[in-house]
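# Analysis of the macromolecular model
The primary structure of each chain is shown beneath.
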Amino acid sequence: MSQTERIEQSASAYAAAGVDVDANDRLIPRYRDLAHTATRPEQLGDVGAFSGLFELSGYERPVLAASTDGVGTKVMLASLAGRLEGVGHDLVNHCVNDILCVGAAPLFFLDYLAANELSEDDKVAVVSGVASACRESGIALLGGETADMPDLYPAGHFDLAGTIVGVVERGREITGASIAAGDVVLGLPSNGLHTNGYSLARQAFALRPEDGSWADRQTRLDRFEPDLDEKLADSLLRPHVSYWPALRGCLDRIKGIAHITGGGIAGNIERVLPDNVRVLLDSSCWAEPPVFELIRNRAELSTAEMYRVFNMGLGMAVVVSAEDADVMVDEIEDASRIGEVLTGDSSVSGRVAIMRAGRVV
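Let us look at the structure shown here.

The rules behind these values
- Residues numbered from 1 in each chain as written.
- Predicted model: local features only at pLDDT ≥ 70, side-chain atom pairs only at ≥ 80, totals over all residues.
- Heavy atoms only, no water.
- Pairing = 2+ DSSP bridges.
- Helix = DSSP H or I, 4+ residues; strand = E, 2+ residues; numbered from the N terminus.
- 1 Å grid on protein atoms, 1.4 Å probe; cavity = no way out; pocket = protein on both sides within 12 Å on 5 of 7 lines; lining within 4 Å.
- Points joined across faces, edges and corners; volume = space filled by probe spheres on them.
- Axes fitted to C-alpha atoms, helices over the stretch in contact; angles between N-to-C directions.
- Contact = heavy atoms within 4.5 Å.
- Buried < 20%, exposed > 50% of the residue type's maximum accessible area, 1.4 Å probe, protein only.

### Topic: the sheet that holds strand E7 (residues 184-189)
The 7 strands are arranged E10-E12-E7-E13-E11-E14-E15 in an open sheet whose pairing can be described as mixed. The two strands at the open ends of the sheet, each matched to only one other strand, are strand E10 (256-259) and strand E15 (359-360).

Written as C-alpha coordinates, this is what we have:
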(Lines give C-alpha, C1' and ligand atoms only; values in the text may rest on other atoms or scores of the structure.)
Protein backbone atom coordinates (compact mmCIF):
# COMPACT_ATOMS: atom_id res chain seq x y z
CA MET A 1 0.00 0.00 0.00
CA SER A 2 1.37 3.42 -0.98
CA GLN A 3 1.82 6.30 1.44
CA THR A 4 -1.05 8.14 -0.23
CA GLU A 5 -3.33 5.14 0.16
CA ARG A 6 -2.40 4.76 3.81
CA ILE A 7 -3.20 8.45 4.45
CA GLU A 8 -6.53 8.14 2.65
CA GLN A 9 -7.40 5.00 4.59
CA SER A 10 -6.49 6.69 7.87
CA ALA A 11 -8.57 9.76 7.03
CA SER A 12 -11.50 7.54 6.07
CA ALA A 13 -11.29 5.70 9.38
CA TYR A 14 -11.18 8.96 11.30
CA ALA A 15 -14.22 10.22 9.39
CA ALA A 16 -16.06 7.01 10.22
CA ALA A 17 -15.27 7.68 13.89
CA GLY A 18 -16.90 11.08 13.57
CA VAL A 19 -14.05 13.45 12.65
CA ASP A 20 -13.80 14.52 9.02
CA VAL A 21 -10.27 15.84 8.50
CA ASP A 22 -10.97 16.79 4.89
CA ALA A 23 -13.98 18.88 5.95
CA ASN A 24 -11.89 20.68 8.54
CA ASP A 25 -9.24 21.40 5.92
CA ARG A 26 -11.91 22.94 3.73
CA LEU A 27 -12.98 25.21 6.59
CA ILE A 28 -9.57 26.78 7.15
CA PRO A 29 -9.61 29.13 4.14
CA ARG A 30 -13.21 30.10 4.90
CA TYR A 31 -12.26 30.94 8.49
CA ARG A 32 -9.23 32.83 7.24
CA ASP A 33 -11.40 34.96 4.98
CA LEU A 34 -13.65 35.80 7.94
CA ALA A 35 -10.68 36.66 10.15
CA HIS A 36 -9.38 39.00 7.47
CA THR A 37 -12.50 41.14 8.00
CA ALA A 38 -11.56 41.70 11.66
CA THR A 39 -7.93 42.81 11.89
CA ARG A 40 -5.81 45.50 13.53
CA PRO A 41 -2.47 47.03 12.49
CA GLU A 42 -0.75 45.50 15.53
CA GLN A 43 -1.58 41.98 14.35
CA LEU A 44 1.43 40.05 13.02
CA GLY A 45 1.23 37.07 10.69
CA ASP A 46 -1.90 35.36 9.48
CA VAL A 47 -4.56 33.06 10.87
CA GLY A 48 -3.59 29.40 10.72
CA ALA A 49 -0.29 29.42 12.59
CA PHE A 50 0.11 27.59 15.90
CA SER A 51 -0.41 30.88 17.73
CA GLY A 52 -1.45 34.42 16.95
CA LEU A 53 0.94 37.33 17.32
CA PHE A 54 0.03 40.85 18.40
CA GLU A 55 2.42 43.75 18.90
CA LEU A 56 1.50 45.87 21.92
CA SER A 57 2.40 49.52 21.47
CA GLY A 58 1.26 53.00 22.38
CA TYR A 59 1.21 52.49 26.16
CA GLU A 60 3.77 53.53 28.75
CA ARG A 61 2.82 50.90 31.31
CA PRO A 62 0.31 48.58 29.65
CA VAL A 63 -1.76 46.27 31.81
CA LEU A 64 -3.38 43.37 29.98
CA ALA A 65 -6.93 42.35 30.82
CA ALA A 66 -8.21 38.93 29.79
CA SER A 67 -11.49 37.07 30.07
CA THR A 68 -12.86 33.75 28.89
CA ASP A 69 -16.55 32.95 28.62
CA GLY A 70 -19.19 31.04 26.69
CA VAL A 71 -22.75 31.48 25.50
CA GLY A 72 -24.32 28.74 27.62
CA THR A 73 -27.45 26.91 26.56
CA LYS A 74 -28.54 29.79 24.35
CA VAL A 75 -26.72 27.85 21.61
CA MET A 76 -29.43 25.18 21.83
CA LEU A 77 -32.12 27.73 20.97
CA ALA A 78 -29.97 29.12 18.18
CA SER A 79 -29.76 25.62 16.71
CA LEU A 80 -33.52 25.15 17.00
CA ALA A 81 -34.18 28.44 15.26
CA GLY A 82 -31.41 28.05 12.67
CA ARG A 83 -29.93 31.39 13.74
CA LEU A 84 -26.33 30.55 14.45
CA GLU A 85 -24.60 33.80 13.57
CA GLY A 86 -26.15 35.64 16.53
CA VAL A 87 -24.36 33.54 19.15
CA GLY A 88 -21.05 34.73 17.74
CA HIS A 89 -22.12 38.29 18.55
CA ASP A 90 -23.24 37.13 21.99
CA LEU A 91 -19.85 35.62 22.74
CA VAL A 92 -17.72 38.57 21.66
CA ASN A 93 -19.93 41.26 23.18
CA HIS A 94 -20.17 39.44 26.51
CA CYS A 95 -16.38 39.22 26.70
CA VAL A 96 -15.94 42.86 25.63
CA ASN A 97 -18.23 43.93 28.47
CA ASP A 98 -16.33 41.86 31.01
CA ILE A 99 -12.97 43.53 30.38
CA LEU A 100 -14.69 46.89 30.02
CA CYS A 101 -15.48 46.59 33.74
CA VAL A 102 -11.81 47.31 34.50
CA GLY A 103 -11.59 50.03 31.85
CA ALA A 104 -9.75 47.93 29.27
CA ALA A 105 -9.92 48.53 25.55
CA PRO A 106 -10.39 45.27 23.59
CA LEU A 107 -7.47 44.18 21.40
CA PHE A 108 -7.87 40.64 20.12
CA PHE A 109 -10.12 37.61 20.39
CA LEU A 110 -9.85 33.84 19.96
CA ASP A 111 -12.82 31.50 19.64
CA TYR A 112 -13.35 27.80 20.36
CA LEU A 113 -16.11 25.85 18.63
CA ALA A 114 -16.77 22.24 19.63
CA ALA A 115 -19.47 20.24 17.85
CA ASN A 116 -20.77 16.94 16.63
CA GLU A 117 -22.15 16.62 13.09
CA LEU A 118 -22.45 20.36 12.59
CA SER A 119 -22.32 21.20 8.90
CA GLU A 120 -19.50 23.23 7.39
CA ASP A 121 -21.89 26.06 6.57
CA ASP A 122 -23.22 26.11 10.14
CA LYS A 123 -19.69 26.29 11.53
CA VAL A 124 -18.93 29.16 9.19
CA ALA A 125 -22.14 30.92 10.28
CA VAL A 126 -21.07 30.77 13.92
CA VAL A 127 -17.57 32.08 13.20
CA SER A 128 -19.03 34.71 10.87
CA GLY A 129 -20.92 36.12 13.84
CA VAL A 130 -17.72 36.17 15.88
CA ALA A 131 -15.85 37.99 13.10
CA SER A 132 -18.66 40.50 12.59
CA ALA A 133 -18.82 41.40 16.28
CA CYS A 134 -15.03 41.72 16.43
CA ARG A 135 -15.10 44.03 13.43
CA GLU A 136 -17.80 46.21 15.03
CA SER A 137 -15.71 46.70 18.18
CA GLY A 138 -12.37 47.13 16.40
CA ILE A 139 -10.98 43.80 17.64
CA ALA A 140 -8.59 41.51 15.79
CA LEU A 141 -9.88 37.95 15.41
CA LEU A 142 -6.48 36.44 16.01
CA GLY A 143 -7.34 32.77 15.66
CA GLY A 144 -9.39 29.94 17.10
CA GLU A 145 -10.08 26.25 17.16
CA THR A 146 -12.81 24.03 15.78
CA ALA A 147 -13.09 20.58 17.34
CA ASP A 148 -15.31 17.69 16.27
CA MET A 149 -16.43 15.87 19.42
CA PRO A 150 -18.41 12.72 18.58
CA ASP A 151 -19.93 11.04 21.65
CA LEU A 152 -19.34 14.12 23.81
CA TYR A 153 -22.12 16.15 22.16
CA PRO A 154 -25.39 14.88 20.65
CA ALA A 155 -25.52 14.99 16.86
CA GLY A 156 -26.06 18.51 15.58
CA HIS A 157 -25.16 20.16 18.89
CA PHE A 158 -22.25 22.47 19.63
CA ASP A 159 -20.67 24.66 22.28
CA LEU A 160 -18.96 28.00 21.80
CA ALA A 161 -16.40 29.76 23.97
CA GLY A 162 -13.90 32.54 23.52
CA THR A 163 -11.07 34.49 25.08
CA ILE A 164 -10.55 38.22 24.81
CA VAL A 165 -7.46 40.26 25.64
CA GLY A 166 -7.54 44.01 26.19
CA VAL A 167 -5.31 46.69 27.60
CA VAL A 168 -5.48 49.59 30.03
CA GLU A 169 -2.78 52.05 31.06
CA ARG A 170 -1.37 51.33 34.53
CA GLY A 171 -3.02 53.66 37.02
CA ARG A 172 -6.18 54.03 34.94
CA GLU A 173 -7.75 50.71 35.87
CA ILE A 174 -11.34 50.85 37.10
CA THR A 175 -11.42 48.84 40.33
CA GLY A 176 -14.28 50.26 42.37
CA ALA A 177 -11.89 51.13 45.20
CA SER A 178 -12.78 54.84 45.10
CA ILE A 179 -16.55 54.30 45.33
CA ALA A 180 -17.91 56.23 48.31
CA ALA A 181 -21.18 57.13 49.98
CA GLY A 182 -22.93 59.84 47.97
CA ASP A 183 -21.96 58.42 44.58
CA VAL A 184 -24.64 57.72 41.99
CA VAL A 185 -25.40 54.47 40.17
CA LEU A 186 -26.28 54.76 36.49
CA GLY A 187 -27.88 51.96 34.53
CA LEU A 188 -27.60 50.94 30.89
CA PRO A 189 -30.46 48.81 29.60
CA SER A 190 -30.28 45.25 28.34
CA ASN A 191 -32.35 44.11 25.36
CA GLY A 192 -33.39 40.83 26.97
CA LEU A 193 -31.67 37.84 28.54
CA HIS A 194 -28.31 38.53 26.87
CA THR A 195 -26.45 35.24 27.58
CA ASN A 196 -27.67 34.22 31.03
CA GLY A 197 -30.60 32.28 32.45
CA TYR A 198 -31.34 30.20 29.38
CA SER A 199 -31.61 26.88 31.19
CA LEU A 200 -34.48 28.32 33.21
CA ALA A 201 -35.98 30.11 30.20
CA ARG A 202 -35.93 26.92 28.14
CA GLN A 203 -37.76 25.15 30.95
CA ALA A 204 -40.34 27.96 31.19
CA PHE A 205 -41.15 27.74 27.47
CA ALA A 206 -40.87 23.93 27.15
CA LEU A 207 -37.85 24.13 24.85
CA ARG A 208 -35.66 21.43 26.43
CA PRO A 209 -34.98 18.11 24.65
CA GLU A 210 -37.31 16.32 27.09
CA ASP A 211 -40.14 18.70 26.18
CA GLY A 212 -40.91 17.14 22.82
CA SER A 213 -39.60 16.52 19.36
CA TRP A 214 -37.29 18.89 17.52
CA ALA A 215 -40.18 19.96 15.30
CA ASP A 216 -42.50 20.58 18.27
CA ARG A 217 -39.91 22.76 19.98
CA GLN A 218 -39.18 24.64 16.76
CA THR A 219 -42.89 25.41 16.47
CA ARG A 220 -43.01 26.77 20.03
CA LEU A 221 -39.92 28.89 19.48
CA ASP A 222 -41.28 30.30 16.21
CA ARG A 223 -44.67 31.12 17.73
CA PHE A 224 -45.82 34.75 17.84
CA GLU A 225 -46.31 35.82 21.45
CA PRO A 226 -48.86 38.63 21.88
CA ASP A 227 -47.33 39.60 25.24
CA LEU A 228 -44.01 40.20 23.46
CA ASP A 229 -45.46 41.57 20.22
CA GLU A 230 -42.99 39.37 18.36
CA LYS A 231 -41.97 35.78 17.92
CA LEU A 232 -40.52 34.06 20.95
CA ALA A 233 -37.32 33.36 18.97
CA ASP A 234 -36.86 37.07 18.26
CA SER A 235 -37.05 37.90 21.95
CA LEU A 236 -34.87 35.05 23.21
CA LEU A 237 -32.17 35.26 20.54
CA ARG A 238 -31.59 38.99 20.42
CA PRO A 239 -27.77 39.36 20.64
CA HIS A 240 -26.04 40.52 23.80
CA VAL A 241 -25.42 44.29 23.77
CA SER A 242 -21.84 45.59 23.73
CA TYR A 243 -21.44 48.65 25.97
CA TRP A 244 -17.98 49.53 24.68
CA PRO A 245 -19.25 52.17 22.20
CA ALA A 246 -21.34 53.87 24.89
CA LEU A 247 -18.69 53.95 27.63
CA ARG A 248 -15.32 54.14 25.88
CA GLY A 249 -15.24 57.95 25.83
CA CYS A 250 -15.92 58.52 29.51
CA LEU A 251 -13.99 55.81 31.35
CA ASP A 252 -11.79 58.34 33.19
CA ARG A 253 -14.81 59.59 35.15
CA ILE A 254 -16.19 56.18 36.10
CA LYS A 255 -15.44 54.70 39.53
CA GLY A 256 -16.91 51.24 39.05
CA ILE A 257 -18.60 49.12 36.38
CA ALA A 258 -20.59 45.94 36.87
CA HIS A 259 -21.62 43.75 33.96
CA ILE A 260 -24.97 42.19 34.92
CA THR A 261 -24.56 38.56 33.96
CA GLY A 262 -24.93 35.29 35.89
CA GLY A 263 -25.81 35.99 39.50
CA GLY A 264 -28.20 38.83 38.74
CA ILE A 265 -28.07 42.52 39.54
CA ALA A 266 -27.16 42.44 43.23
CA GLY A 267 -24.56 39.70 42.95
CA ASN A 268 -22.65 41.47 40.19
CA ILE A 269 -22.74 44.97 41.65
CA GLU A 270 -21.43 43.65 44.96
CA ARG A 271 -18.31 42.45 43.15
CA VAL A 272 -17.13 46.05 42.55
CA LEU A 273 -18.04 47.61 45.92
CA PRO A 274 -15.47 48.43 48.60
CA ASP A 275 -16.23 47.13 52.09
CA ASN A 276 -17.58 50.35 53.57
CA VAL A 277 -20.53 51.03 51.26
CA ARG A 278 -23.84 49.58 50.13
CA VAL A 279 -26.13 50.38 47.21
CA LEU A 280 -29.85 51.07 46.99
CA LEU A 281 -31.48 50.69 43.57
CA ASP A 282 -34.96 51.64 42.34
CA SER A 283 -36.16 49.18 39.68
CA SER A 284 -38.76 51.69 38.43
CA CYS A 285 -35.87 53.71 36.97
CA TRP A 286 -35.23 51.23 34.16
CA ALA A 287 -37.49 49.35 31.76
CA GLU A 288 -37.98 45.62 32.12
CA PRO A 289 -38.33 43.86 28.75
CA PRO A 290 -41.63 41.95 28.66
CA VAL A 291 -39.92 38.59 28.19
CA PHE A 292 -39.05 38.55 31.89
CA GLU A 293 -42.66 38.84 32.99
CA LEU A 294 -43.59 36.06 30.57
CA ILE A 295 -40.89 33.80 32.03
CA ARG A 296 -42.03 34.66 35.54
CA ASN A 297 -45.62 33.67 34.74
CA ARG A 298 -44.85 30.55 32.71
CA ALA A 299 -42.40 29.14 35.28
CA GLU A 300 -44.29 30.51 38.31
CA LEU A 301 -41.15 32.08 39.76
CA SER A 302 -40.85 34.49 42.65
CA THR A 303 -39.64 38.02 42.02
CA ALA A 304 -36.62 37.35 44.22
CA GLU A 305 -35.56 34.37 42.10
CA MET A 306 -36.05 36.31 38.87
CA TYR A 307 -33.64 38.97 40.15
CA ARG A 308 -31.10 36.35 41.20
CA VAL A 309 -31.08 34.64 37.78
CA PHE A 310 -31.73 37.32 35.16
CA ASN A 311 -30.53 40.85 34.41
CA MET A 312 -34.16 42.07 34.49
CA GLY A 313 -33.49 44.75 31.89
CA LEU A 314 -30.25 46.10 33.36
CA GLY A 315 -27.16 45.32 31.28
CA MET A 316 -24.54 47.45 33.02
CA ALA A 317 -24.35 49.38 36.28
CA VAL A 318 -21.93 52.30 36.35
CA VAL A 319 -20.91 54.18 39.51
CA VAL A 320 -19.94 57.84 39.19
CA SER A 321 -19.58 60.82 41.54
CA ALA A 322 -22.69 62.87 42.23
CA GLU A 323 -21.20 65.94 40.51
CA ASP A 324 -20.60 63.95 37.30
CA ALA A 325 -23.92 62.11 37.25
CA ASP A 326 -26.06 64.56 35.24
CA VAL A 327 -23.39 65.11 32.60
CA MET A 328 -22.78 61.38 32.31
CA VAL A 329 -26.47 60.67 31.81
CA ASP A 330 -26.44 63.13 28.92
CA GLU A 331 -23.24 61.71 27.44
CA ILE A 332 -23.94 57.98 27.75
CA GLU A 333 -26.61 56.78 25.36
CA ASP A 334 -29.69 55.36 27.12
CA ALA A 335 -28.16 55.81 30.60
CA SER A 336 -30.36 56.71 33.56
CA ARG A 337 -30.01 57.22 37.30
CA ILE A 338 -31.02 54.01 39.02
CA GLY A 339 -29.64 54.27 42.55
CA GLU A 340 -27.28 55.66 45.12
CA VAL A 341 -24.29 54.58 47.17
CA LEU A 342 -24.75 54.66 50.95
CA THR A 343 -22.56 54.02 53.95
CA GLY A 344 -22.45 50.28 54.52
CA ASP A 345 -20.99 47.45 56.54
CA SER A 346 -19.02 44.64 54.96
CA SER A 347 -20.17 42.24 57.69
CA VAL A 348 -23.76 42.51 56.47
CA SER A 349 -24.74 40.24 53.58
CA GLY A 350 -26.79 41.58 50.72
CA ARG A 351 -25.15 44.98 50.34
CA VAL A 352 -27.20 45.75 47.22
CA ALA A 353 -30.90 46.32 47.85
CA ILE A 354 -33.35 46.62 44.97
CA MET A 355 -36.65 48.41 45.54
CA ARG A 356 -39.62 47.25 43.50
CA ALA A 357 -43.09 48.68 44.05
CA GLY A 358 -41.99 50.08 47.40
CA ARG A 359 -40.53 46.84 48.71
CA VAL A 360 -37.08 45.29 48.73
CA VAL A 361 -36.86 42.42 46.25
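### Re the layout of surface pockets
In this model, the largest pocket occupies a volume close to 600 Å³. Of all the secondary-structure elements, those providing two or more residues to the lining of the largest pocket are helix H2 (21-35), strand E4 (105-115) and strand E5 (140-148). A per-element tally of the lining of the largest pocket places E5 first, with 8 residues. In this structure, the second largest pocket spans a volume of roughly 310 Å³.

### A few points about the sheet that holds E4
With mixed pairing, the 4 strands of this open sheet are ordered in space as E3-E6-E4-E5. Only two strands of the sheet have a single neighbouring strand rather than two, namely strand E3 (62-70) and E5. In this sheet, neighbouring strand axes are inclined to one another by 15° on average, regardless of whether the strands run parallel or antiparallel. Two strands pair when backbone bridges link them, and E4 and E5 are joined in this way by 8 bridges, in the parallel orientation. For Leu110, the partnering residue across the bridge sits in E5 and is Gly143. Across the sheet, helix H5 (residues 120-136) touches E4, E5 and strand E6 (158-169), and the angle it forms with E4 is around 170°.

### Digging into the pairing of strand E11 (residues 277-282)
What you see with E11 is a clean split: Val277, Val279 and Leu281 sit on the buried side and Arg278, Leu280 and Asp282 on the side with no burial. Pairing geometry for E11 and strand E13 (residues 336-343), over 5 bridges, is antiparallel. If you follow Leu281 over to E13, its bridge partner there is Gly339. Pairing between E11 and strand E14 (residues 352-356): 4 bridges, direction parallel. Considered in E14, the bridge of Val279 is made with Val352.

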